[in-house]
Number of protein chains: 2
Amino acid sequence: MPSYTPPVRDIQFVLNEVLDVSASDVPGYEALEPDFTAAVLEECGKLTAQVLAPLNSVGDREGCVLENGVVRTPAGFKAAFDKVREGGWTGLDLPEEYGGQNMPYVLGIATLEMFAASNQAFAMYQGLTHGAASAILAHGTEAQKATYLPKMVSCEWTGTMNLTEPHCGTDLGMMRTKAVPQQDGSYAITGQKIFISAGEHDLAENIIHLVLAKVPGGPEGIKGVSLFIVPKFLVNADGSLGERNALSCGKIEEKMGIHGNSTCVMNYDGARGWLLGDLHKGMRAMFTMMNEARIGVGMQGLAQADVAYQNALAYARERLQGRAVTGPANPDGPADPLIVHPDIRRSLMDQKSFAEGARAFLLWGATLIDRAHRAGDADALGMISLLTPVIKGFLTDRGFDMTVQAQQIFGGHGYIEEWGMSQFVRDARIAMIYEGANGIQALDLVGRKLAQDGGKHVMAFFEMVKAFIKENEGEEALKADFLDPLKAASKDLQAAAMFFMAEGVKNPNAALAGSYDFMHLFGHVCLGLMWARSARTALAALRSGTDDAAFYETKLATGRYYMARQLPMTATHLARIRSGAEPVMALAAEAF
Amino acid sequence: MPSYTPPVRDIQFVLNEVLDVSASDVPGYEALEPDFTAAVLEECGKLTAQVLAPLNSVGDREGCVLENGVVRTPAGFKAAFDKVREGGWTGLDLPEEYGGQNMPYVLGIATLEMFAASNQAFAMYQGLTHGAASAILAHGTEAQKATYLPKMVSCEWTGTMNLTEPHCGTDLGMMRTKAVPQQDGSYAITGQKIFISAGEHDLAENIIHLVLAKVPGGPEGIKGVSLFIVPKFLVNADGSLGERNALSCGKIEEKMGIHGNSTCVMNYDGARGWLLGDLHKGMRAMFTMMNEARIGVGMQGLAQADVAYQNALAYARERLQGRAVTGPANPDGPADPLIVHPDIRRSLMDQKSFAEGARAFLLWGATLIDRAHRAGDADALGMISLLTPVIKGFLTDRGFDMTVQAQQIFGGHGYIEEWGMSQFVRDARIAMIYEGANGIQALDLVGRKLAQDGGKHVMAFFEMVKAFIKENEGEEALKADFLDPLKAASKDLQAAAMFFMAEGVKNPNAALAGSYDFMHLFGHVCLGLMWARSARTALAALRSGTDDAAFYETKLATGRYYMARQLPMTATHLARIRSGAEPVMALAAEAF
């Protein structure tokens, strides 16, 4: 069975040393002293490694079972969920007035990485609840907040988001679910929603569905979509549970992975719902949830990559096979461990340099969210808005690739279910799809975010990279290994953006044909930047005389690997982008 | 449920137009007239599309079940297997004297692509038998051939290959299975083998296991390994089945995919076996099977990519979602089909240009095998020996990636099992692992094949590319789109080979750290070459006034896409290779 070692030391390195969070002027960050965050992360690490990780393969094997309208989650999930709730983990970064702990998001997502790495299917129950609670927090009336939030913050009640219908996922303007106004101010919701994660289960006493639907007579298409709160059990005035609402789970999907999470077909048969936010502004309200969810999904890409890497590393150290080409490394044994072989090393370094770079990127992104929300910083909001599709698309694509590489190290043992590597691959696969498939992320990035506010945010990104390089250019130990590659990669990114500006005006397809490559190009530059920053930090630590030199030396070597072996991808992405729309769009649809 | 359309037209294009097989001087190729090959391929296409494809998801769902030592294959497999046998498909390219049809291998593998695409798990039963029969053909005594081959050519008996043991897969020198000589000239085989595909099943009346084992007292390690024929039922002198041999299936593995094929733990408890080939030369005999199997596995990468692409294309045409950025393409419908969107197009073109390029590469490789075996051409043997790891490693890695891209087009529907896209991904995954994991292919390529015969074969490859470019350089319609990119990519490949030569002498790790990238670089150049050749052929057809201009125009556009958007990868691979061993090997094993 796979094991999981929470990456507390590395998270602490990013939080305290690279980002220096407790020195930040963002309200609430003063609490993030190293001792405090260490205590939180250690505690979370224990819970996830000891309680959730052992349930990961149980969830995969047993899956969720629908019987007589009731969904049974895998053995042990309920007890573990109670433990998570009792530990107060579900409301870590939610407001104190509703029972949360009001910690910054950056600490919240650091803990969520461990939840997702130890058991992604399990973590989704609380993750979706967090998203639904955020939407109610941002758009609900005081009464709605008072009714739902205390129970959702504690996960006594869980939440869902209901967007997709059988005939529409991305294009929600075609939605058919109806919400008919009732005399008492509520709405009668009728329609079918599919792919509803955690739509029905036995972990909580109530489930608060957030459902997109159209009020008849409203505007056509996406502009006529509203968001509704539709609880499984109606809530009485005193907060107790009332009658069962007219909604049900019609089916659980058979999926490639995340078997421990129930993916439901939800049928609403005149269910009672209450408008959340403004009429016909449902997409706006839903996007509160969605933007958060996209960061969270990007995190899952990193999380699966990291736990898969940990297990591949352990296997590479233990499995004896072949001899090092430079002479036996384990002369007394029958063979050398896999890790002596250069190609195994290459794969492990790919994985390690991705996971650590991605973690730094994600946590940096989380500080931007905190700065935007807690300090009302519009520039930070613009920057994270730009980076959200990169975090989601790049981290999940590359995260999946890394789980495949980790599985490969096990040879045939990776393909059988016994070792658990297949599950990491199968679970990681969904993150490329849900909360907006990665092609949609690329479209969002190039078609919307790039030109947002007159292109101000992408210019700010370039300026930031430039400033970092300038600030450190006197540093010989960084120059050739970090600053030069970062400069080259950033130049490729700028050239791609220029190409889009020049060509996209004439032909929007010229930009969109390169959107996916641009998303990856951007992701590599972000990881390159984070590695350069991490290297500077590591170097400073080494020079100041640290007790933990091995850690910082390893950081530098891992960063050098990323810069030398991964960053050159930017040139290929740029070449593809510059080939423009013609090769992509040359064939008529009939000609394929 | 997914569908499968046999790519007969495209195979015919490669066979008749690009490779012009019937004009070849290779003995037996004179039979490969277009009418004849068309008839064979059409017939095979019917069988695979109508009989095997519908069983693909059945096999995935039901899997194989072990009860009381007997393995039950999925419903319908036995009847379909009988149909395949009765059609004479299993011996298409095996000798007439044993009941085969003695057709060239190139035609055999063209049919095998359809078998693998329609149902990979099913096709493995016959594929492994073919490999085992080839080994007996090459290394067996006349008596052994007479005893086993007629039944194996017809697949009345199937075959297996038994290499892996729990503690060794790649490093077979550590093998523990023993073969103790008996007075009657047979051996008593004792040991456990794992991951034995088709090790036990109900499709055939006997199973002929080829088992690697060590005869006590022989040389240490890999030099003391011999190969044995170990039938499930002993064969009487008159060819009838005798007593059951002392071997059994101990377990069927739970796997990520290819559920329809039984992957067995095989226990040999003093089973009677007979030496195949020379004592202690088991690896040589096994490699007869292995080399063929590696080409066949490369073919599986292409096959899964093609069938997944076909279904993604159909979905992209039918699924209505969003509007084309350049204006509605389906103004009367509620939305445009997915295929209008540039990023969907990019993905489809990636898949299409891979599948067709890979098919040309594979079939060209098969003609080299025929030339080597049927015409005794040592240069052809050297060339295919060089290309075998590229075919295996590159086609399976990229083939898997393409199934993932195909699945992605379905969004959430790709992740649920109902649409069958998950199965293509899960089934394609094994091809990167079995018959030598792809890292081993890269090692074989760089550590062995590159320098084979003084580097003669790789030089011949470069010469061939150069000659092709020279021969066509006056052709303006090919120059910018095909010849220039091919030249650049080939230059990258040469530079990488030069780097290995210069650095590898000093430090073998410098070559091995770049081996995986080299395998991919080489693969891209091969596909680039095949696309350039295909483009020349298509251009000639268009100029000569064809009835099928649309086909050739599409070929050219698809080839241009590959050259413009895929071939630039060679630069990144070269950059990685040139970074050498240092970034890869910098960390001590303990430092990870």
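Residues numbered from 1 in each chain as written. Chains lettered and ligands numbered in written order. Predicted model: local features only at pLDDT ≥ 70, side-chain atom pairs only at ≥ 80, totals over all residues. Heavy atoms only, no water.

(A) Structural context of helix H4 (residues 105-118) of chain A. In this model H4(A) runs 20 Å from its N-terminal to its C-terminal C-alpha over 14 residues, within 8% of the 20 Å that 1.5 Å per residue would give. Across the 14 residues of H4(A), 13 count as buried, placing the element largely inside the fold. (Helix = DSSP H or I, 4+ residues; strand = E, 2+ residues; numbered from the N terminus. Expected span 1.5 Å × (residues − 1). Buried < 20%, exposed > 50% of the residue type's maximum accessible area, 1.4 Å probe, protein only.)

(B) Representation of the interface of chain B and chain A in the model. Facing the 90 residues of chain B at the interface are 91 residues of chain A. Between chain B and chain A, the buried area comes to about 7,400 Å², and carbon and sulfur atoms account for 61% of it. Inspection of the chain B/chain A interface yields 4 salt bridges. Of the charged contacts, one joins B:Glu418 and A:Lys251 as a salt bridge, the two residues approaching to 3.2 Å between their closest N and O atoms. (Contact = heavy atoms within 4.5 Å. Buried area = accessible area lost by both parts, 1.4 Å probe. Salt bridge = Lys/Arg side-chain N within 4 Å of Asp/Glu carboxyl O.)

(C) Summary view of the relation of the copies chain B and chain A. Expressed as a screw operation, the relation of chain B to chain A combines 0.0 Å of axial shift with a rotation of 180°, fitting to an RMSD of 0.0 Å. The transformation just described matches what one would write down for a two-fold rotation axis. Closest approach to the rotation axis among the C-alpha atoms of chain B is made by B:Thr572, whose C-alpha sits 3.2 Å away. A high fraction, 100%, of the interface residues of chain B reappear at the interface in chain A, so the copies pair face to face through one surface. (Least-squares fit on C-alpha atoms with pLDDT ≥ 70 in both.)

(D) Focus on the environment of A:Leu279. Residues and elements named next belong to chain A. Mapped onto the fold, Leu279 is located in the loop between strand E11 (263-276) and helix H7 (282-318). Expressed as a C-alpha distance, the spacing of Leu279 and Gly420, which sit 141 residues apart in the sequence, is 47 Å. When near neighbours in sequence (up to four residues on either side) are disregarded, Leu279 contacts Tyr187, Val215 and Ser226.

(E) Quick peek at the packing of helix H2 (residues 34-62) of chain B against helix H4 (residues 105-118) of chain B. All names here are of chain B. The contact between H2 and H4 brings their axes to 8 Å, and the two run at 20°. In terms of orientation, H2 and H4 fall into the roughly parallel class. Note on packing geometry: the crossing formed by H2 with H4 is right-handed. Between H2, through Phe36, Thr37, Val40, Leu41, Cys44, Gly45, Leu47, Thr48, Leu52, Ala53 and Asn56, and H4, the contact on the second element is made entirely by Leu107, Ala110, Thr111, Met114, Phe115 and Ser118. Looking at the contact of H2 with H4 residue by residue, the class counts come to 11 nonpolar, 6 polar and no charged. (Axes fitted to C-alpha atoms, helices over the stretch in contact; angles between N-to-C directions. Parallel < 35°, antiparallel > 145°, perpendicular 65-115°, else oblique. Left-handed = near helix turned anticlockwise from the far one by under 90°. Nonpolar A, V, L, I, M, F, W, Y, C, P; charged D, E, K, R; others polar.)

(F) Structural context of the nonpolar core. One finds A:Leu210, A:Leu348, A:Phe361, A:Leu387, A:Phe461, A:Phe518 and A:Phe522 to be the most contacted residues of the largest nonpolar core, which totals 188 residues. When residues in this core are grouped by element, the largest group, 17 residues, is from H7(A). Non-local contacts of A:Leu348, meaning those with residues more than four positions away in its chain, are made with A:Tyr309, A:Ala312, A:Leu313, A:Ala316, A:Ile339, A:Ile409 and B:Phe592. (Core = buried A, V, L, I, M, F, W, Y, C linked by side-chain atoms within 4.5 Å.)

(G) How the structure looks around the pattern of salt bridges. All names here are of chain A. In total, this model carries 74 salt bridges over all chains according to the counting rule given. A salt bridge links Lys46 to Glu43; the nearest nitrogen and oxygen atoms lie 3.9 Å apart. In this pair, Lys46 and Glu43 both sit in helix H2 (residues 34-62), 3 residues apart, roughly one turn of the helix. Take Glu43: its relative accessible area is 43%, and that puts it in the partly exposed class. One salt-bridge network, in which partners are shared between bridges, spans Asp10, Glu113, Asp306, Lys352, Glu356, Arg359 and Lys555.

(H) Inspection of the state of the cysteines at higher detail. All names here are of chain B. In the structure shown here, the tally under the stated rule is 0 disulfides over all chains. No disulfide involves Cys249; its nearest neighbouring cysteine sulfur is the one of Cys264, lying 3.6 Å away. Look at Cys249 and you get buried, because its relative accessible area is 7%. (Disulfide = S-S within 2.5 Å.)

(I) Structural context of the confidence of the model for chain A. Averaged over every residue, the pLDDT of chain A is 97; the share at 70 or more is 100%. Model confidence for the complex is summarised by a pTM of 0.98, with the ipTM given as 0.98. (pLDDT = per-residue confidence, 0-100.)

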